[in-house]
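# Tertiary structure, described
So you can see what is in the structure, the chains are spelled out below.
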Amino acid sequence: MIKIVLLGTGNVATHLFKAFQNNGNTEVVQVYNRSHKNLERFKTVNTTTSISKLKKADIYIIAIADDSITELSKKL
């Protein structure tokens, strides 16, 4: 099974989350976002607002606004 961490909680992340949840070959192990408020809809998996607490995964998907990718990438 492929373990995935989603970085972001917008429309793209939400659609990917649903697709991965319905796929028997993938498991979303965590969702990251800067704000606790936006993590509420992902209560079925582990969530975090801290980059330092990201879980180990096979794939990390950055699904955030284009303007924020550089800043997040530097933190990773």
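Residues numbered from 1 in each chain as written. Predicted model: local features only at pLDDT ≥ 70, side-chain atom pairs only at ≥ 80, totals over all residues. Heavy atoms only, no water.

### Digging into the sheet that holds strand β1 (residues 2-7)
The cut-off we apply is this: Should DSSP find at least two bridges between two strands, the strands are regarded as paired. Under the scheme used here, helices are H or I runs from DSSP no shorter than 4 residues and strands are E runs no shorter than 2 residues, and both carry numbers assigned from the N terminus. For helices, the fitted axis covers only the stretch in contact; all axes are lines through C-alpha atoms, and the angles between them, taken along N-to-C directions, range from 0 to 180 degrees.
The strand order β3-β2-β1-β4 describes an open sheet built from four strands, whose pairing is parallel. What marks the edges here is a single partner per strand, and that holds for β3 (46-48) and β4 (59-62). Each strand axis lies, on average, 25° off the axis of its neighbour in the sheet, ignoring direction. Here β1 pairs with β4 via four bridges, running parallel. Note that in β4 the partner of V5 across the bridge is Y60.

### Quick look at the pairing of β1
Operational definition: With the strands pointing away from the viewer, any crossover whose connection runs clockwise from the first strand over the helix to the second is right-handed.
Judged from the six bridges that link them, β1 and strand β2 (residues 26-32) form a sheet pairing that is parallel. If you follow L7 over to β2, its bridge partner there is Y32. A crossover links β1 with its parallel partner β2, the connecting element being helix α1 (residues 11-21), and its sense is right-handed.

### With respect to the pattern of salt bridges
The condition is simple: Definition used for salt bridges: Asp or Glu carboxyl oxygen within 4 Å of a side-chain nitrogen of Lys or Arg.
Summed over all chains, the structure comprises one salt bridge. In this structure, K75 and E71 form a salt bridge, with 3.5 Å as the shortest nitrogen-oxygen distance. Note that K75 and E71 are positioned in helix α2 (residues 69-75) at a spacing of four residues, about one turn of the helix.

### Some thoughts on the side chain of T26
Spelled out, the test is: To sort residues, take the accessible area from a 1.4 Å probe on protein chains only and compare it with the maximum for the residue type: under 20% means buried, over 50% means exposed, and anything in between is partly exposed. Polar contact is defined as a pair of N or O atoms within 3.5 Å, subject to the rule that within protein one atom must be able to donate a hydrogen and the other to accept it, and that residues adjacent in sequence are counted only when both atoms are side-chain atoms. The contact rule is simple, with two residues in contact once any of their heavy atoms fall within 4.5 Å.
Turning to its location among the elements, T26 is positioned in strand β2. Classification of T26 as buried rests on a relative accessible area of 12%. Within polar-contact distance, the side chain of T26 engages the backbone oxygen of F20 at 2.9 Å. Here T26 is in contact with M1, I2, I4 and F20, once residues within four sequence places are set aside.

### Some thoughts on a nonpolar patch on the surface
To be explicit about the condition: Here a patch means residues that are over 30% exposed by relative accessible area and free of salt bridges, tied together within 9 Å if like-charged and within 5 Å if nonpolar (Val, Leu, Ile, Met, Phe, Trp, Tyr). Throughout, the Shrake-Rupley method with a 1.4 Å probe supplies accessible areas, and for residues the shown protein chains are the sole cover considered.
A surface patch of nonpolar side chains, amounting to about 230 Å² of accessible area, comprises I62, I69 and L76. Within the element layout of this structure, I69 appears in helix α2. Since its relative accessible area comes to 30%, I69 is described here as partly exposed.

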